[in-house]
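# Analysis of the macromolecular model
Chain by chain, the residues run as shown.
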Amino acid sequence: MKTDAAGAPGRRASLKEDAEKETPATEPLGKGEGLVWEEEEGRATLILTFTLRDARTAGLSKTANVFEAFEAGIHHLETRPVKKPKNTTDDLEFFVKCEVHNSDVSVLINSLKKVVQDVKTIRDERVPWFPKKIRELDKCHHLIAKYEPDLDHDHPGYTDPEYRKRRAFFTDLAFNYREGDPLPRVEYTAQETATWREVYRKLSSLYPTHACKQYLDAFQQLEKCCGYQEDSIPQLQDVSRFLKERTGFQLRPAAGLLSPRDFLASLAFRVFQSTQYIRHSSSPMHSPEPDCCHELLGHVPMLADKEFAQFSQAIGLASLGSSDVEIEKLATLYWFTIEFGLCKQNGSIKAYGAGLLSSYGELVYALSNKPEHKPFDPELTAVHPYQDQTFQPVYFVAENFEDAKAKLQKYALKIKKPFSLHYDPFTCSIEVLNTPQKVKNMLSQMKEELKNLCFALENIS
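Sequence order sets the numbering: in each chain, residues are counted from 1 along the sequence as written. The model is predicted, so local features are restricted to residues of pLDDT at least 70 and side-chain atom pairs to those at 80 or more, both for listing and for counting; the totals for chains, interfaces and linings are taken over all residues. Hydrogen atoms and water are omitted, and side-chain values are computed over all heavy atoms in the structure.

### Some points on the sheet that holds strand 10 (residues 348-351)
Taken in spatial order, the four strands make up an open sheet running 10-9-12-11, and their pairing is mixed. With one partner strand each, in any of the chains shown, strand 10 and strand 11 (372-375) form the two edges of the open sheet. Here the average twist between neighbouring strands, direction ignored, is 40 degrees. A strand pair is defined by DSSP finding two or more bridges across the two strands. Secondary structure counts use DSSP, requiring at least four H or I residues in a row for a helix and at least two E residues in a row for a strand, with both numbered from the N terminus. In the sheet, strand 9 (residues 342-345) pairs with strand 10 via four bridges, with the strands oriented antiparallel. Counterpart to leucine 342 in the pairing with strand 10 is alanine 351. In this description, a line fitted to the C-alpha atoms serves as the axis of each element, helices being fitted only across the stretch in contact, and the angle between N-to-C directions of two axes falls anywhere from 0 to 180 degrees.

Encoded structure:
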């Protein structure tokens with residue numbers, strides 16, 4: 001029932017004015033049944049139930065007028081006779097799933113209460129929008145612009161018009177990209193390649209003694225298969241193909257530092273949003289924002305490790321539908337692990353965080369006796385303050401990736417969400433497990449997989 005409100009602006013205004021005078025007092029349905037799912041462009045999907053007494057009267061048309069006045073799009077509607085009617089057998093119970101503007105949810109409910117009874121929904125558990133299909137990552141490109149050369153007076157490229165023009169070129173590449181497009185290939189300038197060469201040469205000399213084994217193994221393969229060398233900057237398309245074959249991760253271009261919610265959501269689909277521009281030539285050993293040195297030298301080698309890839313996706317999945325408070329905690333966890341994490345290997349402490357592996361100075365500092373090293377505990381790590389303009393005073397050390405992943409998954413289970421999610425690798429989509437049938441379908445799939453594994457074991461033995 002998505003109607004054109006033309007001719008009814010007065011009625012809509014009157015409904016809103018009347019409804020806003022009352023205090024919302026809605027009752028919850030069963031867990032997960034009445035969630036308000038936020039959608040893009042300011043609209044939300046609302047699930048509610050109510051009772052209409054004596055449906056043969058004008059009450060039915062009045063009820064329809066409420067949804068019409070708020071331009072609600074009806075996705076699903078069911079009615080059934082009331083089990084214990086009070087006055088007449090024409091009493092009906094309604095189940096409605098509709099789409100309405102976020103700002104109208106409360107006033108629509110209050111307007112509905114004027115013409116029907118027993119209105120039930122959940123108003124306090126609003127679920128932030130999150131992508132459910134990989135193509136919806138096209139919407140996950142909101143930038144945190146405070147470190148960009150056009151806005152940050154301290155940025156090395158702020159006073160360089162040519163650099164800023166070049167950055168605008170990369171921004172256009174990223175914003176024009178759509179899921180399924182070929183990753184854009186870039187012809188880097190001699191100056192950009194010289195900056196890459198200096199960074200690559202200095203960092204690669206440090207990796208054998210400071211990087212973890214998983215990083216070293218992948219870096220060797222990248223040099224062999226993806227053209228990792230000091231005289232040319234690797235192309236995202238080649239690197240993405242390499243990752244896809246090893247861990248299922250793939251790259252897509254990003255215009256800069258993304259919001260934590262958008263960036264973490266991408267990880268849930270095993271997609272890493274990567275910048276293609278390079279830091280300013282005047283500051284090759286430091287960048288105030290992510291650049292291709294950070295992405296290609298810091299993140300990519302670790303994403304080629306299966307255990308680490310699972311750890312990264314787990315953080316992404318935990319973020320979907322989480323509150324802003326939980327997103328902040330997950331972003332902090334990401335900071336102290338995937339960006340600045342350390343781990344134990346063969347009695348020594350090694351680096352696996354991309355922020356360390358793409359910064360010569362901090363990589364040396366992090367493995368010295370100057371900072372404090374603490375064992376990785378998600379509960380404590382998630383609320384620990386961090387530095388984004390200087391070296392960290394504290395680093396968290398994981399026993400190994402398997403242990404870190406197990407601890408993270410245990411932490412994620414404590415995030416309060418009235419629904420569960422499942423990533424389907426065949427369709428690259430997220431399914432909300434909010435009905436018994438969906439859970440049964442999942443169990444059926446798992447049984448088939450277990451049968452195949454049992455059959456494989458029988459063949460081996």
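### A word on helix 4 (residues 161-176)
For helix 4, with 16 residues, the first-to-last C-alpha span of 23 Å sits near the 22 Å given by 1.5 Å per residue. Only protein chains enter the area calculation, which uses a 1.4 Å probe; residues under 20% of their type maximum are buried, those over 50% are exposed, and those in between are partly exposed. Among all positions in helix 4, only Tyr163, Arg167, Phe170 and Ala174 are buried. Looking straight down helix 4, one finds that the buried residues subtend no more than 60 degrees of arc, so they occupy a single side. In this structure, helix 4 carries Pro161, Glu162, Lys165 and Asn176 as exposed residues pointing more than 90 degrees from its buried face. Contact criterion: two residues are considered in contact whenever any of their non-hydrogen atoms come within 4.5 Å of each other. Residues of helix 4 that are buried sit in contact with helix 5 (190-204) and strand 7 (250-253). Any N or O atom pair separated by 3.5 Å or less is treated as a polar contact, with the protein-specific requirement of one donor-capable and one acceptor-capable atom, and with residues adjacent in sequence counted only for side-chain atom pairs. Residue aspartate 160 occupies the N-cap position of helix 4, its side-chain oxygen lying 3.1 Å from the main-chain nitrogen of glutamate 162. Expected span of a helix, by definition, is 1.5 Å for each gap between consecutive residues, and there is one gap fewer than residues. Summarising the geometry, the arc corresponds to the directions from the helix axis toward the C-beta atoms.

### Considering the environment of proline 301
With respect to the secondary-structure elements, proline 301 resides in helix 10 (residues 292-303). As a C-alpha pair, proline 301 and alanine 354 span 53 residues in sequence and 9.1 Å in three-dimensional space. Excluding residues within four positions of it along the chain, proline 301 makes contact with Tyr215, Ala218, Phe219, Leu222 and Leu296.

### Notes on the packing of helix 11 (residues 306-319) against helix 16 (residues 401-413)
Two numbers describe how helix 11 lies on helix 16: the axes approach to 9 Å, and their chain directions differ by 15 degrees. The angle between helix 11 and helix 16 places the two elements in the roughly parallel class. Crossing of helix 11 over helix 16 shows left-handed handedness. Here Glu307, Phe308, Gln310, Phe311, Ala314, Ile315 and Ala318 of helix 11 lie close against helix 16, whose contacting residues are Phe401, Glu402, Ala404, Lys405, Leu408, Gln409 and Ala412. Residue polarity follows a fixed list, in which Ala, Val, Leu, Ile, Met, Phe, Trp, Tyr, Cys and Pro are nonpolar, Asp, Glu, Lys and Arg are charged, and the others, Gly among them, are polar. Among the residues forming the contact of helix 11 with helix 16, the class breakdown is nine nonpolar, two polar and three charged. When an angle is under 35 degrees it counts as roughly parallel; over 145 it counts as roughly antiparallel; between 65 and 115 it counts as roughly perpendicular; any other value is oblique. By definition, turning the near helix anticlockwise from the far helix through less than a right angle yields a left-handed crossing, and turning it clockwise yields a right-handed one.

### Examining the pattern of salt bridges
Salt bridge criterion: a side-chain nitrogen from Lys or Arg within 4 Å of a carboxyl oxygen from Asp or Glu. A full pass over the atoms with the stated rule returns 20 salt bridges. Notably, a salt bridge pairs lysine 407 with aspartate 403, separated by 3.3 Å at the nearest N-O pair. With a gap of four residues between them, lysine 407 and aspartate 403 both fall in helix 16, about one helical turn apart. Assessed through its relative accessible area of 24%, aspartate 403 is described here as partly exposed.

### With respect to the pairing of strand 8 (residues 271-274)
Within a regular beta strand, the side chains point alternately toward one face of the sheet and then the other, so they alternate between its two faces. Residues Val271 and Gln273 point to one face of strand 8 and Phe272 and Ser274 to the other, with burial holding for every one of them. The pairing of strand 7 with strand 8 spans four bridges and is classified as parallel. Its bridge partner lying in strand 8, proline 253 is registered against serine 274. For the handedness criterion, the β-α-β arrangement of strand 7, helix 9 (residues 260-268) and strand 8 is classed as right-handed. A crossover gets the label right-handed when its path from the first strand over the helix to the second runs clockwise, viewed with the strands pointing away from the viewer.

### Overview of the nonpolar core
Buried Ala, Val, Leu, Ile, Met, Phe, Trp, Tyr and Cys residues form a nonpolar core when they are joined through side-chain atoms within 4.5 Å. Counting residues in each nonpolar core, the largest one holds 77 residues, and the members touching the most others are Tyr207, Tyr215, Tyr228, Leu243, Leu296 and Leu297. Excluding its chain neighbours within four sequence positions, the residues that come into contact with leucine 297 are Trp196, Val199, Tyr200, Leu203, Tyr207, Tyr215, Phe219, Tyr228, Cys292 and Leu357. If you look at the next biggest cluster of nonpolar residues, it comprises 20 residues, including Ala69, Ala72, Val107 and Leu112.

### Regarding the side chain of serine 429
Looking at the secondary structure, you find serine 429 in strand 14 (residues 429-433). A polar side-chain atom of serine 429 sits 2.5 Å from a polar atom in the side chain of threonine 427. Those residues in contact with serine 429, other than ones at most four positions away along the chain, are Lys132, Lys133, Phe269, His422, Tyr423 and Asp424.

### Concerning the side chain of histidine 155
Relative to the elements of secondary structure, histidine 155 occurs in the loop between strand 6 (126-127) and helix 4. The exposure class of histidine 155 is buried, given its relative accessible area of 4%. A polar contact of 2.7 Å, which involves the side chain of histidine 155, links it to the side chain of glutamate 289.

### Details of unusual backbone geometry
Of note, the phi angle at glutamate 71 is positive, near 50 degrees, even though the residue is not glycine. Summarising the element assignment, glutamate 71 is placed in the loop between helix 2 (59-69) and strand 3 (73-81). Glutamate 71 sits in the partly exposed class, given a relative accessible area of 31%. You will see that arginine 270, though not glycine, has its phi angle at about 55 degrees, which is positive. Looking at the element boundaries, arginine 270 is found in the loop between helix 9 and strand 8.

So, to be careful, I would describe these as geometric facts and stop short of saying anything about function.
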